[in-house]
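Here is how the chains run, residue by residue.
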Amino acid sequence: MPTPDITPGAPCWIDLMTSDTEKAQSFYGELFGWTFEAGDEEKYGGYITASKNGKSVAGIMQKMAEQAGFPDVWSTYLRADDAAATAEAVKAHGGQVYMEPMDVPEQGKMAMFADATGASIGVWQPREMKGFELAAEPGAPAWHELHTKDYPAAVKFYQDVFGWDTDVMSDTPDFRYTTLGAGDAAKAGIMDASGYLPAEVPSNWQVYFAVQDADATAAKAQELGATVIQAPEDTPFGRLATLSDPTGAMFKIVAETRQEGSAAEHA
(Lines give C-alpha, C1' and ligand atoms only; values in the text may rest on other atoms or scores of the structure.)
Protein backbone atom coordinates (compact mmCIF):
# COMPACT_ATOMS: atom_id res chain seq x y z
CA MET A 1 0.00 0.00 0.00
CA PRO A 2 1.39 3.47 -0.80
CA THR A 3 2.51 5.77 1.99
CA PRO A 4 -0.51 7.70 3.35
CA ASP A 5 -1.14 11.08 1.76
CA ILE A 6 -0.75 13.40 4.75
CA THR A 7 -1.92 16.95 4.09
CA PRO A 8 -1.19 19.98 6.33
CA GLY A 9 -3.42 19.93 9.41
CA ALA A 10 -4.11 16.19 9.17
CA PRO A 11 -2.93 13.54 11.64
CA CYS A 12 0.57 12.43 10.69
CA TRP A 13 1.97 10.61 13.71
CA ILE A 14 1.09 9.02 17.05
CA ASP A 15 3.19 8.16 20.04
CA LEU A 16 2.83 6.60 23.45
CA MET A 17 4.19 8.20 26.59
CA THR A 18 4.61 5.27 28.94
CA SER A 19 5.94 4.49 32.39
CA ASP A 20 7.42 1.20 31.10
CA THR A 21 8.83 1.08 27.57
CA GLU A 22 9.81 -2.59 27.87
CA LYS A 23 6.30 -3.61 28.86
CA ALA A 24 4.84 -1.45 26.07
CA GLN A 25 7.05 -3.07 23.45
CA SER A 26 6.18 -6.54 24.67
CA PHE A 27 2.44 -5.79 24.66
CA TYR A 28 2.10 -3.98 21.33
CA GLY A 29 4.63 -6.25 19.67
CA GLU A 30 2.52 -9.28 20.57
CA LEU A 31 -0.81 -7.61 19.88
CA PHE A 32 -0.09 -5.86 16.57
CA GLY A 33 3.04 -7.60 15.29
CA TRP A 34 5.18 -4.49 15.69
CA THR A 35 8.97 -4.40 15.62
CA PHE A 36 10.98 -1.70 17.36
CA GLU A 37 14.08 0.41 16.91
CA ALA A 38 15.46 2.71 19.60
CA GLY A 39 16.95 6.02 18.52
CA ASP A 40 20.27 7.39 19.68
CA GLU A 41 20.04 8.26 23.38
CA GLU A 42 21.98 11.51 23.11
CA LYS A 43 20.35 12.71 19.89
CA TYR A 44 16.78 11.46 20.30
CA GLY A 45 16.47 10.60 24.00
CA GLY A 46 16.08 6.91 23.26
CA TYR A 47 12.82 7.49 21.36
CA ILE A 48 11.54 4.14 20.06
CA THR A 49 10.00 3.80 16.61
CA ALA A 50 7.48 1.00 16.08
CA SER A 51 7.06 -0.54 12.64
CA LYS A 52 4.62 -2.92 11.01
CA ASN A 53 5.86 -4.89 8.02
CA GLY A 54 8.88 -2.60 7.84
CA LYS A 55 6.84 0.62 7.78
CA SER A 56 6.84 3.05 10.71
CA VAL A 57 3.48 3.38 12.48
CA ALA A 58 4.07 4.90 15.94
CA GLY A 59 6.54 6.07 18.55
CA ILE A 60 7.11 5.09 22.17
CA MET A 61 8.87 7.23 24.75
CA GLN A 62 9.69 6.88 28.43
CA LYS A 63 7.79 9.16 30.78
CA MET A 64 10.05 11.63 32.56
CA ALA A 65 10.26 11.81 36.37
CA GLU A 66 8.39 15.13 36.41
CA GLN A 67 5.53 13.48 34.48
CA ALA A 68 5.08 10.71 37.03
CA GLY A 69 1.72 12.09 38.18
CA PHE A 70 0.23 12.00 34.68
CA PRO A 71 -1.37 8.89 33.18
CA ASP A 72 0.29 6.98 30.36
CA VAL A 73 -1.26 8.24 27.13
CA TRP A 74 -1.36 7.97 23.36
CA SER A 75 -0.99 11.30 21.54
CA THR A 76 -1.93 12.36 18.02
CA TYR A 77 0.22 14.80 16.04
CA LEU A 78 -1.08 17.02 13.25
CA ARG A 79 1.16 18.02 10.38
CA ALA A 80 2.27 21.65 10.29
CA ASP A 81 4.36 23.36 7.65
CA ASP A 82 5.52 25.91 10.24
CA ALA A 83 5.41 24.77 13.87
CA ALA A 84 6.38 28.21 15.21
CA ALA A 85 3.55 29.93 13.33
CA THR A 86 1.16 27.22 14.54
CA ALA A 87 2.21 27.90 18.13
CA GLU A 88 1.35 31.57 17.70
CA ALA A 89 -2.01 30.66 16.14
CA VAL A 90 -2.75 28.28 19.03
CA LYS A 91 -2.19 31.11 21.53
CA ALA A 92 -4.22 33.56 19.45
CA HIS A 93 -7.24 31.23 19.32
CA GLY A 94 -7.57 30.26 22.97
CA GLY A 95 -5.15 27.33 23.20
CA GLN A 96 -2.02 26.84 25.30
CA VAL A 97 1.55 25.92 24.42
CA TYR A 98 2.69 23.00 26.58
CA MET A 99 5.97 22.54 24.72
CA GLU A 100 7.38 25.12 22.32
CA PRO A 101 8.50 23.82 18.92
CA MET A 102 11.60 21.70 19.47
CA ASP A 103 14.09 20.66 16.81
CA VAL A 104 14.55 16.92 16.37
CA PRO A 105 17.88 16.66 14.50
CA GLU A 106 17.37 15.86 10.81
CA GLN A 107 13.86 14.57 11.43
CA GLY A 108 11.66 17.67 11.93
CA LYS A 109 10.17 19.83 14.67
CA MET A 110 7.65 18.83 17.31
CA ALA A 111 5.46 20.77 19.72
CA MET A 112 2.66 20.02 22.17
CA PHE A 113 -0.37 22.21 22.68
CA ALA A 114 -3.74 22.28 24.40
CA ASP A 115 -6.59 23.24 22.12
CA ALA A 116 -9.24 25.76 23.13
CA THR A 117 -11.18 23.02 24.97
CA GLY A 118 -8.19 21.69 26.94
CA ALA A 119 -7.38 18.61 24.83
CA SER A 120 -3.68 17.90 24.26
CA ILE A 121 -2.60 17.77 20.63
CA GLY A 122 0.84 17.44 19.10
CA VAL A 123 2.25 19.09 16.00
CA TRP A 124 4.92 17.73 13.69
CA GLN A 125 6.76 19.81 11.09
CA PRO A 126 8.41 17.19 8.88
CA ARG A 127 11.86 17.08 7.41
CA GLU A 128 13.28 13.57 6.92
CA MET A 129 10.56 11.93 9.03
CA LYS A 130 7.31 12.54 7.15
CA GLY A 131 4.96 10.66 9.49
CA PHE A 132 3.47 7.20 9.69
CA GLU A 133 4.16 5.09 6.62
CA LEU A 134 1.16 2.79 7.03
CA ALA A 135 -2.43 3.61 7.95
CA ALA A 136 -5.86 1.94 8.01
CA GLU A 137 -4.34 -1.54 7.77
CA PRO A 138 -4.22 -4.13 10.58
CA GLY A 139 -1.71 -3.04 13.22
CA ALA A 140 -1.59 0.57 12.00
CA PRO A 141 -3.43 3.74 13.08
CA ALA A 142 -6.84 3.93 11.44
CA TRP A 143 -8.62 6.98 12.88
CA HIS A 144 -8.07 9.95 15.18
CA GLU A 145 -10.91 11.43 17.19
CA LEU A 146 -11.32 14.36 19.55
CA HIS A 147 -13.85 13.88 22.35
CA THR A 148 -14.59 17.42 23.47
CA LYS A 149 -16.70 19.05 26.15
CA ASP A 150 -17.09 22.23 24.06
CA TYR A 151 -17.93 21.05 20.57
CA PRO A 152 -18.49 24.43 18.84
CA ALA A 153 -15.26 25.84 20.29
CA ALA A 154 -13.30 22.76 19.21
CA VAL A 155 -14.56 22.84 15.64
CA LYS A 156 -13.73 26.54 15.32
CA PHE A 157 -10.27 26.06 16.84
CA TYR A 158 -9.20 23.42 14.32
CA GLN A 159 -10.67 25.41 11.46
CA ASP A 160 -8.85 28.59 12.55
CA VAL A 161 -5.51 27.12 13.66
CA PHE A 162 -5.06 24.17 11.31
CA GLY A 163 -7.18 25.28 8.36
CA TRP A 164 -9.51 22.30 8.60
CA ASP A 165 -12.06 21.99 5.82
CA THR A 166 -14.79 20.42 7.93
CA ASP A 167 -17.90 18.43 7.15
CA VAL A 168 -20.82 17.96 9.57
CA MET A 169 -21.49 14.24 9.63
CA SER A 170 -24.25 14.38 12.23
CA ASP A 171 -25.96 17.15 14.19
CA THR A 172 -28.53 15.61 16.49
CA PRO A 173 -28.74 16.05 20.28
CA ASP A 174 -27.51 12.45 20.69
CA PHE A 175 -24.68 12.54 18.16
CA ARG A 176 -22.85 15.66 17.03
CA TYR A 177 -19.84 14.86 14.88
CA THR A 178 -17.68 16.87 12.48
CA THR A 179 -14.89 15.50 10.30
CA LEU A 180 -11.75 16.85 8.66
CA GLY A 181 -12.73 16.23 5.04
CA ALA A 182 -15.87 14.38 4.02
CA GLY A 183 -16.94 10.78 3.55
CA ASP A 184 -14.23 8.27 2.68
CA ALA A 185 -11.70 11.10 2.41
CA ALA A 186 -12.19 12.16 6.05
CA LYS A 187 -9.00 12.04 8.13
CA ALA A 188 -10.13 12.83 11.69
CA GLY A 189 -13.23 13.53 13.72
CA ILE A 190 -14.55 15.80 16.47
CA MET A 191 -17.27 14.37 18.72
CA ASP A 192 -19.48 16.28 21.15
CA ALA A 193 -18.61 14.53 24.42
CA SER A 194 -20.30 17.03 26.74
CA GLY A 195 -23.01 14.50 27.59
CA TYR A 196 -20.77 11.64 28.72
CA LEU A 197 -17.25 12.71 29.72
CA PRO A 198 -17.01 12.78 33.54
CA ALA A 199 -16.14 16.09 35.19
CA GLU A 200 -12.65 14.87 36.10
CA VAL A 201 -11.84 13.72 32.54
CA PRO A 202 -10.69 16.51 30.23
CA SER A 203 -11.42 16.75 26.51
CA ASN A 204 -9.04 14.33 24.81
CA TRP A 205 -7.86 12.84 21.53
CA GLN A 206 -8.26 9.10 21.04
CA VAL A 207 -6.40 6.80 18.64
CA TYR A 208 -7.98 3.87 16.78
CA PHE A 209 -5.93 0.96 15.43
CA ALA A 210 -7.17 -1.19 12.57
CA VAL A 211 -7.47 -4.91 13.29
CA GLN A 212 -8.83 -7.85 11.32
CA ASP A 213 -10.99 -9.21 14.17
CA ALA A 214 -11.99 -6.92 17.03
CA ASP A 215 -13.19 -9.74 19.27
CA ALA A 216 -10.05 -11.84 18.85
CA THR A 217 -7.81 -8.80 19.33
CA ALA A 218 -9.66 -7.71 22.48
CA ALA A 219 -9.40 -11.24 23.90
CA LYS A 220 -5.67 -11.41 23.10
CA ALA A 221 -5.11 -7.97 24.62
CA GLN A 222 -6.70 -9.16 27.85
CA GLU A 223 -4.42 -12.21 27.91
CA LEU A 224 -1.48 -9.82 27.54
CA GLY A 225 -2.57 -7.72 30.52
CA ALA A 226 -4.90 -5.13 28.99
CA THR A 227 -8.28 -4.05 30.34
CA VAL A 228 -11.39 -4.01 28.16
CA ILE A 229 -13.13 -0.69 28.85
CA GLN A 230 -15.81 -1.18 26.21
CA ALA A 231 -16.36 -4.61 24.69
CA PRO A 232 -16.47 -5.00 20.90
CA GLU A 233 -19.72 -3.82 19.36
CA ASP A 234 -21.00 -3.28 15.84
CA THR A 235 -21.40 0.31 14.68
CA PRO A 236 -22.01 1.90 11.27
CA PHE A 237 -18.23 2.49 11.15
CA GLY A 238 -17.07 -1.04 11.93
CA ARG A 239 -16.77 -3.22 15.00
CA LEU A 240 -15.22 -1.11 17.77
CA ALA A 241 -13.75 -1.73 21.20
CA THR A 242 -11.99 0.44 23.79
CA LEU A 243 -9.04 -0.95 25.74
CA SER A 244 -6.30 0.19 28.07
CA ASP A 245 -2.83 -1.31 27.87
CA PRO A 246 -1.06 -2.91 30.86
CA THR A 247 0.10 0.47 32.20
CA GLY A 248 -3.23 2.21 31.64
CA ALA A 249 -2.89 3.99 28.27
CA MET A 250 -6.25 3.95 26.50
CA PHE A 251 -6.71 3.12 22.82
CA LYS A 252 -9.44 1.87 20.49
CA ILE A 253 -9.52 -0.89 17.89
CA VAL A 254 -11.72 -1.06 14.82
CA ALA A 255 -12.40 -3.91 12.41
CA GLU A 256 -14.34 -3.58 9.21
CA THR A 257 -17.77 -5.15 9.50
CA ARG A 258 -17.53 -8.06 7.09
CA GLN A 259 -20.35 -8.61 4.67
CA GLU A 260 -21.52 -12.13 3.88
CA GLY A 261 -19.59 -13.49 0.93
CA SER A 262 -16.61 -11.19 1.45
CA ALA A 263 -13.13 -12.49 0.79
CA ALA A 264 -11.60 -14.64 3.49
CA GLU A 265 -9.36 -12.83 5.90
CA HIS A 266 -5.66 -13.49 5.73
CA ALA A 267 -3.55 -13.90 8.78
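Student: Would you take a moment to explain the packing of helix H1 (residues 21–32) against helix H5 (residues 214–223) for this structure?
Tutor: The geometry of H1 relative to H5 is characterised by a closest axis approach of 10 Å and an angle of 150° between their N-to-C directions. Taken together, the axis directions place H1 and H5 in an arrangement best described as roughly antiparallel. Considering only the axes of H1 and H5, their crossing is right-handed. Residue-level inspection shows Phe 27, Glu 30, Leu 31 and Phe 32 of H1 in contact with H5, the latter providing Thr 217, Lys 220 and Ala 221. Across the contact of H1 with H5, the residue classes break down as four nonpolar, one polar and two charged.

Student: I keep staring at H5 and nothing clicks. Help me out?
Tutor: Along an α-helix, residues three or four positions apart point the same way, because every turn accommodates 3.6 residues. Within H5 the residues assigned to the buried category are Ala 214, Thr 217, Ala 218 and Ala 221. Angularly, the buried residues of H5 cover 100° about the axis, an arc narrow enough to put them on a single face. Two residues or fewer past H5, Gly 225 is found with a positive phi of approximately 110°.

Student: I'm lost on the pattern of salt bridges in this one. Help?
Tutor: Side-chain pairs of opposite charge can arise where the charged atoms are in close proximity. Counted according to the given criterion, the structure contains ten salt bridges. One salt bridge in this structure joins Asp 160 and Lys 156, with 2.6 Å as the shortest N-O distance. Separated by four residues within a single helix, Asp 160 and Lys 156 lie in helix H4 (residues 151–162), roughly one turn from each other. One salt bridge in this structure joins Arg 239 and Asp 215, with 2.6 Å as the shortest N-O distance. You can see Arg 239 sitting in strand S15 (residues 238–244) and its partner Asp 215 sitting in helix H5, a full 24 residues away along the chain. By sharing partners, the salt bridges in this structure join Glu 88, Lys 91 and Glu 100 into a single network.

Reading the values: rules and limits
- Residues numbered from 1 in each chain as written.
- Predicted model: local features only at pLDDT ≥ 70, side-chain atom pairs only at ≥ 80, totals over all residues.
- Heavy atoms only, no water.
- Axes fitted to C-alpha atoms, helices over the stretch in contact; angles between N-to-C directions.
- Helix = DSSP H or I, 4+ residues; strand = E, 2+ residues; numbered from the N terminus.
- Parallel < 35°, antiparallel > 145°, perpendicular 65-115°, else oblique.
- Left-handed = near helix turned anticlockwise from the far one by under 90°.
- Contact = heavy atoms within 4.5 Å.
- Nonpolar A, V, L, I, M, F, W, Y, C, P; charged D, E, K, R; others polar.
- Buried < 20%, exposed > 50% of the residue type's maximum accessible area, 1.4 Å probe, protein only.
- Arc of directions from axis to C-beta.
- Salt bridge = Lys/Arg side-chain N within 4 Å of Asp/Glu carboxyl O.

Honestly, it's all geometry; don't read function into it.
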